[in-house]
Protein chains: 2
Amino acid sequence: MTVGPCEGSDENALAHTPRPPYVAVIFTSRLRDNDPDYELTARKMVALARSQPGFLGIESARETLGITVSYWSDEDAARSWKQVYEHLGAQYLGKTRWYEEYRVRIATIVRDYGADKLSDT
Amino acid sequence: MTVGPCEGSDENALAHTPRPPYVAVIFTSRLRDNDPDYELTARKMVALARSQPGFLGIESARETLGITVSYWSDEDAARSWKQVYEHLGAQYLGKTRWYEEYRVRIATIVRDYGADKLSDT
């Protein structure tokens, strides 16, 4: 028996979410100028999100457009994350300094399918 | 009065979706080796998706992880897109050649908010 790394902690891995239903927060954005503080704060927020109650996983990619999808056990968990003190600060900086435009979409995942490299056994 | 480009046709723009509810298909993947055919097919599929009934918008970004979120008027529209002939071919190539792993999550968008650079007037 091997003990692997904490599931879902690899930022380059797909999120290992449970069977639906659960909640997704789809955050899409375009940045203004490149601000090194942005990247640092974004990383801190991902780490902080992972420690929140009801957190299920997170997936993120950026080219011109940035997409971050975080997964939560239910709407209350997603809503609570939005209100975490440090996250509120980051949201303020995002609105006032970093984002040219952004949109947050809250969704209920109703079904999913796919092919994983690793089985979940 | 100016006439802008077709709304939603810019691949670097955020999708301009209507008021919820509507449907999102969240497709996340990791590629195997770099295959030039992949990029070409991916672009074709985005163009083809845009011409489907019930299509509302699409947002895409790739670093190590790729995330494409397509938005649809309802579940039937999303399901029909999955069954389009050329798309079935691309799905087969994706499974057998391109993707190390992937997941498709079908979701109902229940609410959204954000800040747009351009008003929709």
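Provided above is the structure to which this section pertains.
Please read all numbers here as calculations on a predicted model, not as lab measurements.

S.K.: How should I be thinking about the sheet that holds strand β4 (residues 99–115) of chain A in this particular structure?
M.R.: Strand pairing in a sheet takes place through backbone hydrogen bonds and is either antiparallel or parallel in direction. The antiparallel open sheet is built from 8 strands, whose spatial order is β2(A)-β3(A)-β1(A)-β4(A)-β4(B)-β1(B)-β3(B)-β2(B). Looking at which strands have only one partner, the edges of the open sheet turn out to be β2 (55–62) of chain A together with β2 (55–62) of chain B. Sheet twist, expressed as the mean angle between neighbouring strand axes with direction ignored, is 25 degrees. Pairing geometry for strand β1 (residues 22–31) of chain A and β4(A), over 10 bridges, is antiparallel. Note that in β4(A) the partner of A:Arg30 across the bridge is A:Glu101. Running over the sheet, helix α3 (residues 85–98) of chain A touches β1 and β4 of chain A and is turned about 125 degrees from β4(A). Against the sheet, helix α2 (residues 75–82) of chain B touches β4 of chain A together with β1 (22–31), β3 (65–72) and β4 (99–115) of chain B, its axis set at about 70 degrees to β4(A).

S.K.: Would you explain the relation of the copies chain A and chain B in this entry?
M.R.: Note that the two copies of the chain are related through a rotation about an axis and a translation along the same axis. Superposing chain A onto chain B requires a rotation of 180 degrees together with a translation of 0.0 Å along the rotation axis, leaving an RMSD of 0.0 Å. The operation mapping one copy onto its partner corresponds to a two-fold rotation axis. An overlap of 100% is found between the interface residues of chain A and their copies at the interface of chain B, pointing to a shared contact surface.

S.K.: Before we go on, may I ask you to explain the interface of chain A and chain B in this structure?
M.R.: Frequently, the measure chosen for interface size is the accessible area removed from exposure when the parts meet. Residue-level contacts link 43 residues of chain A with 43 residues of chain B. Each partner contributes to the roughly 4,300 Å² buried at the junction of chain A and chain B, and carbon and sulfur atoms together form 53% of this total. The interface formed by chain A and chain B contains 8 salt bridges. Residue B:Asp116 pairs with A:Arg103 through a salt bridge whose shortest N-O separation is 3.5 Å. At the surface where chain A touches chain B, the tally comes to 29 residue pairs in polar contact (both at pLDDT 80 or more). Among the elements of the structure, β1, β2, β3 (65–72), α2 (75–82) and β4 of chain A are those that each provide at least two residues to the side of chain A that touches chain B. If one sorts the elements of the side of chain A that touches chain B by residue count, β4(A) sits on top with 16 residues.

S.K.: Help me understand the pairing of β2(B) in this model?
M.R.: One face of the sheet, then the other: side chains in a regular strand alternate in exactly this way. Residues and elements named next belong to chain B. Where β2 lies against β3, 7 bridges are found, and the strand directions are antiparallel. Residue pairing for β3: Ser60 is matched across the bridge by Thr68. Where β2 folds back onto β3 in an antiparallel hairpin, the turn is made up of 2 residues.

S.K.: Looking at this structure, how should I read the pattern of salt bridges?
M.R.: A side chain of one charge can pair with a side chain of the opposite charge when the charged atoms of the two come close. Evaluated as defined, the whole model comprises 18 salt bridges over all chains. Measuring nitrogen to oxygen at the nearest pair gives 3.4 Å for the salt bridge that ties B:Arg97 to B:Asp37. Of this pair, B:Arg97 sits in helix α3 (residues 85–98) while B:Asp37 sits in helix α1 (residues 36–50), and the two are 60 residues apart along the sequence. Look at B:Asp37 and you get partly exposed, because its relative accessible area is 37%. Three or more residues are tied together by salt bridges with common partners; here these are A:Asp35, A:Asp37 and A:Arg97.

Definitions and limits used
- Residues numbered from 1 in each chain as written.
- Chains lettered and ligands numbered in written order.
- Predicted model: local features only at pLDDT ≥ 70, side-chain atom pairs only at ≥ 80, totals over all residues.
- Heavy atoms only, no water.
- Pairing = 2+ DSSP bridges.
- Helix = DSSP H or I, 4+ residues; strand = E, 2+ residues; numbered from the N terminus.
- Axes fitted to C-alpha atoms, helices over the stretch in contact; angles between N-to-C directions.
- Contact = heavy atoms within 4.5 Å.
- Least-squares fit on C-alpha atoms with pLDDT ≥ 70 in both.
- Buried area = accessible area lost by both parts, 1.4 Å probe.
- Salt bridge = Lys/Arg side-chain N within 4 Å of Asp/Glu carboxyl O.
- Polar contact = N/O pair within 3.5 Å; in protein donor to acceptor, adjacent residues only side chain to side chain.
- Buried < 20%, exposed > 50% of the residue type's maximum accessible area, 1.4 Å probe, protein only.

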